[in-house]
Amino acid sequence: MSYDDAIEALSTDALKFVKDGFVIGLGSGRAATSFVKSLSSFIKIKNYSIKAVPTSLQIKLIAEKGGIPLVEADHVEYIDVVFDGADQIDSQKFVIKGGGGALLRENILFNLSKKVVVMADKSKFVKNFTREVPVEVHPLARNSVIDAIRKLGGNAQLRSLDRGYPFFTENGNIILDCNFGTIKNPKSLTQKIKQITGVMESGIFLRKPDVIYKAKTGGKFEII
């Protein structure tokens, strides 16, 4: 089933959270890409003066192409609203992110932002997390973090590219994809993961979204 029409529709609807003069966080992935394209047209029509903080080179290039003024996160005191996708959303409204490897920057923006808007298709919503948790790790700590994850009951695998080369984030770190089975207490787990020396960020975000868009089939969506 395709959710593309719904993602496009909700991306347009989400523009109602954008005001003139805002600093906007731009997440990464399919939903964020759709939103950035809608935002580009919107600010031109409205003649809005905004600044946007990208979370990845991928989204930065799309924003530049759309003529959206960009600024780095360390050049702003806060972000008015961040728009991002999610790899999974549980019944407590926690999110797992990091499938694209931008989890550290995305989490920084989540915590800088006054409002967090997450956009995802219906298949991403679950009662309890069941997917692997991406964990960004300093390369020197790879083995020690793998051991520590094992003691927490998880099985960590180094994320690799198609030819077997390790995947490196834009921050020069590696990603461990950690299988914990069904996760019923994500807050406690991510706090324990973040305490491990060498861990830069966990893919379970403690900051919950303020607004969640759920894309359905047939171009429909709902706001949670």
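These figures come from a predicted structure and were not determined experimentally.

(A) Highlighting the overall build of the chain. Secondary structure assignment for the chain yields six helices and 13 strands. By the compact-globule yardstick of 17 Å for 224 residues, the chain fits well, its C-alpha radius of gyration being 17 Å. The dimensions of the chain, computed from C-alpha atoms along their principal axes, are 55 × 35 × 35 Å. A buried classification covers 51% of the 224 residues belonging to the chain. In the chain, of all internal contacts separated by at least 6 residues, the share reaching a separation of at least 24 is 75%. Carbon and sulfur atoms provide 48% of the accessible area of the chain, an area that totals close to 10900 Å². When the 32 basic and 24 acidic side-chain charges of the chain are each reduced to a single mean position, those positions are 5 Å apart.

(B) Broad picture of the packing of helix α1 (residues 4–13) against helix α2 (residues 30–46). One can describe the packing of α1 onto α2 by two numbers: an axis separation of 9 Å at closest approach and a directional angle of 50°. Classified by the interaxial angle, the pair formed by α1 and α2 is oblique. Seen from above, α1 lies across α2 with right-handed handedness. Within the contact between the two elements, α1 uses D4, I7, E8, S11 and T12 and α2 uses R30, A31, S34, F35 and S38.

(C) Molecular detail of unusual backbone geometry. Positive phi outside glycine occurs at N47, with the angle close to 60°. Note on placement: N47 falls in the loop between α2 and β2 (51–54).

(D) View of the environment of C178. If you trace the backbone, C178 turns up in strand β9 (residues 174–179). Separated by 24 residues in sequence, C178 and G154 place their C-alpha atoms 6.0 Å apart. For C178, the contacting residues outside a window of four places in its chain are E132, V133, V135, I149, N155 and A156.

(E) Looking closely at the sheet that holds strand β7 (residues 133–137). Spatially, the four strands line up as an open sheet ordered β8-β9-β7-β10, and their pairing is antiparallel. The strands lining the two open edges of the sheet, one partner per strand, are β8 (155–158) and β10 (199–202). Going across the sheet, the axis of each strand differs from the next one's by a mean of 30°, ignoring polarity. In the packing of helix α4 (residues 103–112) onto the sheet, the strands contacted are β7, β9 and β10, and the crossing angle to β10 comes to about 65°. Taken strand by strand, helix α6 (residues 186–194) contacts β7 and β10, and its axis lies near 165° from that of β10.

(F) Expanded view of the environment of K37. Here K37 lies in helix α2. Given a relative accessible area of 54%, K37 falls into the exposed group. Sequence spacing of K37 and K65 is 28 residues, and the spatial spacing of their C-alpha atoms is 9.3 Å.

(G) The arrangement of α6 in detail. Within α6 the residues assigned to the buried category are P186, L189, T190 and I193. Across the axial projection of α6, the buried residues extend over an arc of 95°, all falling on one side. Buried residues along α6 sit against β7, α5 (142–151), β10 and β11 (204–205).

(H) Here's a closer look at the side chain of S11. By the element assignment, S11 lies in helix α1. Only 3.0 Å separates the side chain of S11 from the side chain of S34, close enough to count as a polar contact. Leave out the neighbours within four places in its chain, and S11 touches A31, S34, F35 and S38.

(I) Looking closely at the pattern of salt bridges. In the structure shown here, the tally under the stated rule is 13 salt bridges. With its nearest N and O atoms 3.8 Å apart, the salt bridge here joins R105 to E170. You can see R105 sitting in helix α4 and its partner E170 sitting in the loop between β8 and β9, a full 65 residues away along the chain. What makes E170 partly exposed here is its relative accessible area of 45%. If you follow the salt bridges from partner to partner, you end up with D4, R30 and D121 in one network.

About the criteria used
- The residue numbering used here restarts from 1 in each chain and proceeds along that chain's sequence as written.
- Residue-level local features of this predicted model are given only where pLDDT is at least 70; pairs of side-chain atoms are given and counted only at 80 or more, and the full residue set underlies all totals for whole chains, interfaces and linings.
- Calculation of side-chain values draws on the structure's entire complement of heavy atoms; hydrogens and water are dropped beforehand.
- In DSSP terms, a helix is any run of H or I states spanning at least four residues, a strand is any run of E spanning at least two, and both are numbered starting from the N terminus.
- Taken over C-alpha atoms, the radius of gyration is set against a globule rule of 2.2 Å times the number of residues to the power 0.38.
- Think of it in three bands: with a 1.4 Å probe and only protein chains considered, a residue is buried below 20% of the maximum accessible area for its type, exposed above 50%, and partly exposed in between.
- In what follows, residue pairs with any heavy atoms lying within 4.5 Å of each other are defined as contacts.
- Throughout, the Shrake-Rupley method with a 1.4 Å probe supplies accessible areas, and for residues the shown protein chains are the sole cover considered.
- Residues counted as positive are Lys and Arg, residues counted as negative are Asp and Glu, and His and the chain ends are not counted.
- For this purpose, a charge sits on NZ of Lys, CZ of Arg, CG of Asp or CD of Glu.
- Angles shown run from 0 to 180 degrees and are taken between the N-to-C directions of axes, each axis being a line fitted to C-alpha atoms and, for helices, limited to the stretch in contact.
- If an angle is under 35 degrees, it is roughly parallel; if it is over 145, roughly antiparallel; if it lies from 65 to 115, roughly perpendicular; otherwise it is oblique.
- The sense of a crossing depends on the near helix, which, turned anticlockwise from the far helix by less than a right angle, makes the crossing left-handed and, turned clockwise, makes it right-handed.
- DSSP-based pairing: two strands are paired if at least 2 bridges between them are found.
- Note that the arc is computed from the directions linking the helix axis to the C-beta atoms.
- Definition of a polar contact: a pair of N or O atoms within 3.5 Å, with one able to donate and the other able to accept a hydrogen when the atoms are protein atoms, and with sequence-neighbouring residues admitted only if both atoms are side-chain atoms.
- Only one rule defines a salt bridge in this text: a Lys or Arg side-chain nitrogen within 4 Å of an Asp or Glu carboxyl oxygen.

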